[in-house]
Amino acid sequence: MSDVFFVGCGPGDPELITVKAKKLIQKADIIVYSGSLIPDPILKLCKKGKLHDAAKLVREEIFDLLYKNAKKDKLVVRLHDGDPSIYGAIKEQIDNLEKKGIKSIVVPGVTAFLASAAALGTQLTLPGVTQTIIITRAESRTKVPKRERISELAKHKATLIFYLSVHLLSKLVKEAVEGGYKRTTPVAVVYRASWNDQKIIKGTLDDIVKKVHDEKITRTAIVIISDVIDPETYEYSKLYDKNFSHGYRKIKNKK
Ligand SMILES: C[S@@+](CC[C@H](N)C(=O)[O-])C[C@H]1O[C@@H](n2cnc3c(N)ncnc32)[C@H](O)[C@@H]1O
């Protein structure tokens, strides 16, 4: 019996894959991959294995593929876009495999919000603005606990990041404003971050819905609400301040 590998392959740019993930894909006998979000050049790394598109399968069928092939000692890879731990539904599969005595190994990947921050060329935490990032989704068919309502999370005025929610943008905006964000708060929507057809739409809580609607973006986007996108002011970091000493550097130019 072999282990099953849950592997993240990054946000889209085939070069944003880890060396570990690449080697596993090259050697895999069976790959179950997450539909259209896995780019072709990454699937083509698989030279001898059989590919199965998970988008066409239900949980039990995916489990059967993982379990039966691991039992036959095959190298089995469940390939996820981004990082498997972010909205990846891996826990249920890991637990069910464990019940059958099969161990799972998770290989992390670059998740979409990090590729979006890179596309924006920004920093998600800024001294004097916020030191916190909240990652969430809007409620639709998947329920979100009441204590995690957007209007509750918004009270922190942290950097608020949404997966799986761009089609509900007007709801996000309404609740973010109810929670206390000013209508002038910057918002960025990054569509297909790191892909060749990546789009960045920037605005404020006041105008972002129209801008995104005009671009006809309804899926595969990250929404970021935060003053860090376009800060009126911020502080420089302490770490590199000449008057700040730490374990690796004493204060410079001390008189
Ligand atoms: C089921 S979640 C999977 C997230 C993935 N595991 C990750 O770590 O990025 C799918 C959602 O991730 C976001 N997403 C995935 N790839 C993206 C990309 N390249 N650019 C922007 N958003 C992306 C979108 O919000 C999309 O609806």
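The rules behind these values
Residues numbered from 1 in each chain as written. Predicted model: local features only at pLDDT ≥ 70, side-chain atom pairs only at ≥ 80, totals over all residues. Heavy atoms only, no water. Near = heavy atom within 4 Å. Polar contact = N/O pair within 3.5 Å; in protein donor to acceptor, adjacent residues only side chain to side chain. Areas by Shrake-Rupley, 256 points an atom, 1.4 Å probe, with all protein chains shown as cover. Nonpolar A, V, L, I, M, F, W, Y, C, P; charged D, E, K, R; others polar. Domains from an automatic or database assignment. Phe/Tyr/Trp six-rings, centres within 6.5 Å; stacked < 30°, edge-to-face > 60°. Helix = DSSP H or I, 4+ residues; strand = E, 2+ residues; numbered from the N terminus. Buried < 20%, exposed > 50% of the residue type's maximum accessible area, 1.4 Å probe, protein only. Lys NZ or Arg CZ within 6 Å of the ring centre and 35° of its normal.

**Considering the site of the ligand**
- In the neighbourhood of the ligand, 17 residues make up the surrounding shell, with D83, I86, T111, A193 and A221 lying closest.
- One of the backbone nitrogen or oxygen atoms of A221 is found 2.8 Å away from an oxygen atom of the ligand.
- Protein burial of the ligand: of its 560 Å² of free accessible surface, 90% is covered by the chains.
- Within the shell around the ligand, the residues separate by chemical class into 11 nonpolar, three polar and three charged.
- Residue-level mapping places the shell around the ligand at the junction of two domains, with at least three residues from each of domain 1 (4–107) and domain 2 (112–229).

**Quick look at the packing of aromatic side chains**
- Evaluated as defined, the whole model comprises three aromatic pairs.
- Considering the side-chain rings of F63 and Y67, the 5.7 Å spacing of their centres and the 10° angle between planes classify their relative orientation as stacked. With a gap of four residues between them, F63 and Y67 both fall in helix α3 (residues 59–71), about one helical turn apart.
- Classification of F63 as buried rests on a relative accessible area of 13%.
- Exposure remark for Y67: the relative accessible area of 16% places this residue in the buried category.
- On the numbers, 5.5 Å between centres and 50° between planes, the contact of Y87 with Y163 is tilted. Here Y87 is found in the loop between β4 (76–80) and α4 (91–99), whereas its partner Y163 is found in strand β7 (residues 159–163), with 76 residues between them in sequence.
- A cation over an aromatic ring shows up here: K100 above the ring of Y67, its NZ or CZ 5.2 Å from the ring centre.
- Across the ring face of W195, the terminal group of R192 is positioned such that the distance to the ring centre comes to 4.1 Å.

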